[in-house]
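# A closer look at the structure
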Amino acid sequence: MSSAATPRRCARMICKSSQRCSIKSGRTFSSRRAPPAYVLKAIKSAESAVLWRTRRGDWGAEFQGGVAEAVDFGLALDFVYRDPLRHRVVMRDFRVPRTHGLDGQWEMVWEIDLKPPPNGKEERRREAMERYGALESWHNWGAVWQRLLTTVHAFKDHALSDYSFVLTEFHRYGAGVADQDTDMAPGCVFAPLEERLRLCDRCNGLAVCFVAIDYLVDAAYWQSQIGHSSQADFRRYAMRASGLLRCLMAYDKAECTEKALKKLKP
C-alpha cells in the first residue's frame, strides 16, 4: 500500500483481505483528512475477544465522521478502527502531539514504556523516577492523577493485567507561542519553570503525556498459559501499577524500590 493511502482505505482493505494491505503491524500511516498519524496493529484472537467485551464502540466511527460509544477507560489509548475477523486494530500514534490534544509548536523528544515490577524493565522504572519524580508539582497533575486512577480501576473491573503506561515528553519552541489549553490535553502535565529549565533550558514549554496501552489481556488468558498463572492476579497488578504511578507523583526512596513495589497487595 502506498504511503498516500488513507486509514479508511487501509481499514477497508484489511476487511477484504489481510494480504492486500501490505502495511505491517506496528507501522504508522496518515489520513489525508486528519494530520495525526495512525498505527495498525495485529492482535491475538484472545485480545480481540477482550476488546469486543470491554470496548464496544461503533467500528470505524471516527473514519466515517461519527462518534464511538463513550466508555470511560481514563487514559487508555482507544481504537479508531477494529477488524474482529482478522484481528487488526487501528489507533492514534501517541508520539504525535495532536493525539494528546496538544496544539502549537510541540515536538516529541522522548518516550518511555512502564510496567510495575516484576513485569517490564527495572532500568526503565528507575530512569522515569529520576526524570519525573515530582510530577505533583506540575500543572494539571491533579486532573491527570484522577484520570490515571480511573484507568487502573477500569482495568481492574475488567480483570486486565500486563498493561503499560507510556509517558511521552514534548517540547515547545518558538517565540510568542500561546499557552496550552489544559482542558484540551487531559492526559498531559506541564512543567513549571524550574523543572522546564532542568530538563530543557531552550524550550518555552514542556509537557509529559500519559496513555495506557497493551491492555487487552485478561485473567482468563493468563490462567490458560502454563507457567504464567501469576499474571492472572489482576488486582495485585493494579495495586503495583498505582504504586508505580505514585512514585512518579512524589518519589520516596523507601517506598519506590523494586522490593517495596513488589510487596504491594490489594
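See the structure above.
This one's a predicted model, so the numbers in the text were calculated from it and none came from an experiment. (Residues numbered from 1 in each chain as written. Predicted model: local features only at pLDDT ≥ 70, side-chain atom pairs only at ≥ 80, totals over all residues. Heavy atoms only, no water.)

## Examining the overall build of the chain
- A count of helical and extended segments in the chain gives eight helices and eight strands.
- The burial tally for the chain puts 50% of its 266 residues in the buried class.
- Restricting the contact set of the chain to residue pairs at least 6 apart, pairs at least 24 apart contribute 71%.
- Of the roughly 13500 Å² that the chain leaves accessible, carbon and sulfur atoms contribute 49%. (Helix = DSSP H or I, 4+ residues; strand = E, 2+ residues; numbered from the N terminus. Buried < 20%, exposed > 50% of the residue type's maximum accessible area, 1.4 Å probe, protein only. Contact = heavy atoms within 4.5 Å. Areas by Shrake-Rupley, 256 points an atom, 1.4 Å probe, with all protein chains shown as cover.)

## A few points about the nonpolar core
- Of all hydrophobic cores here, the largest spans 55 residues; its most connected members are Tyr132, Trp138, Trp141, Leu148, Tyr163, Phe210 and Leu248.
- Elements represented by at least two residues in this core include exactly helix H2 (45-54), strand S4 (88-92), strand S5 (106-114), helix H3 (122-131), helix H4 (141-157), strand S6 (164-172), strand S8 (205-213) and helix H7 (234-249).
- Counting residues per element, this core draws most heavily on H7, at eight residues.
- Once you skip the residues sitting within four places of it in the chain, Trp141 turns out to touch Leu135, Glu136, Leu148, Val189, Phe210 and Met249. (Core = buried A, V, L, I, M, F, W, Y, C linked by side-chain atoms within 4.5 Å.)

## Re the environment of Ala159
- For Ala159, the position within the fold is in the loop between H4 and S6.
- On the basis of relative accessibility, which here comes to 18%, the residue Ala159 falls in the buried class.
- Note: C-alpha distance between Ala159 and Ala220 (61 residues apart in sequence) is 8.3 Å.
- When sequence neighbours within four positions are dropped, the list of residues in contact with Ala159 reads Val217, Asp218, Ala219 and Phe234.

## Observations regarding the pairing of S6
- With respect to burial, S6 is a largely interior element, nine of its nine residues being buried.
- Residues Ser164, Val166, Thr168, Phe170 and Arg172 line one face of S6 and the alternating positions Phe165, Leu167, Glu169 and His171 line the opposite face, and both faces are buried.
- When S5 meets S6, the two strands line up antiparallel, connected through eight bridges. By the bridge assignment for S6, Trp106 is matched with Arg172.
- One ladder, built from nine bridges, connects S6 with S8; its direction is antiparallel. Looking at the pairing, Phe170 lines up with Ala207 of S8. (Pairing = 2+ DSSP bridges.)

## Remarks on empty space enclosed by the protein
- If you walk through the whole model with that rule in mind, you get three cavities of 30 Å³ or more.
- In this structure, the second largest cavity spans a volume of roughly 40 Å³.
- Forming the walls of the second largest cavity are Lys44, Ala46, Glu47, Val50, Leu216, Val217, Asp218 and Tyr221.
- Looking at the lining of the second largest cavity, the element that brings in the most residues is H2, giving three residues.
- By residue class, the composition of the lining of the second largest cavity is five nonpolar, no polar and three charged. (1 Å grid on protein atoms, 1.4 Å probe; cavity = no way out; pocket = protein on both sides within 12 Å on 5 of 7 lines; lining within 4 Å. Points joined across faces, edges and corners; volume = space filled by probe spheres on them. Nonpolar A, V, L, I, M, F, W, Y, C, P; charged D, E, K, R; others polar.)

## Observations regarding the sheet that holds S6
- A sheet is described by the order of its strands in space; here four strands give the open sequence S5-S6-S8-S7, paired in antiparallel fashion. In this open sheet, the two strands that pair with only one neighbour each are S5 and strand S7 (188-190). Geometrically, the sheet is characterised by an average inter-axis angle of 20° between neighbouring strands, direction not taken into account.
- Sheet strands in contact with H3 are S5 and S6, and its direction is about 135° off that of S5.
- Strands S5, S6 and S8 of the sheet are contacted by H7, whose axis makes an angle of about 25° with S6. (Axes fitted to C-alpha atoms, helices over the stretch in contact; angles between N-to-C directions.)

## A look at the pattern of salt bridges
- What the rule picks out here adds up to eight salt bridges.
- For the salt bridge of Asp218 with Arg53, the shortest nitrogen-to-oxygen distance reads 3.2 Å. Residue Asp218 is found in the loop between S8 and helix H6 (219-223), and its partner Arg53 is found in helix H2; the two are separated by 165 residues along the sequence.
- Glu258 is paired through a salt bridge with Arg125; the nearest N and O atoms lie 2.8 Å apart. Pair noted here: Glu258 is in helix H8 (residues 258-263) and Arg125 is in helix H3, with a separation of 133 residues, a long-range link. (Salt bridge = Lys/Arg side-chain N within 4 Å of Asp/Glu carboxyl O.)

## Here's the deal with the packing of H4 against H7
- In the contact formed by H4 and H7, the axes pass within 9 Å of each other and the chain directions differ by 170°. As summarised for this structure, H4 and H7 are arranged roughly antiparallel, according to the angle between their axes. Here the hand of the crossing between H4 and H7 comes out right-handed. Within the contact between the two elements, H4 uses Trp141, Trp145, Leu148, Val152 and Lys156 and H7 uses Phe234, Arg235, Ala238, Ser242, Leu245, Arg246 and Met249. (Parallel < 35°, antiparallel > 145°, perpendicular 65-115°, else oblique. Left-handed = near helix turned anticlockwise from the far one by under 90°.)

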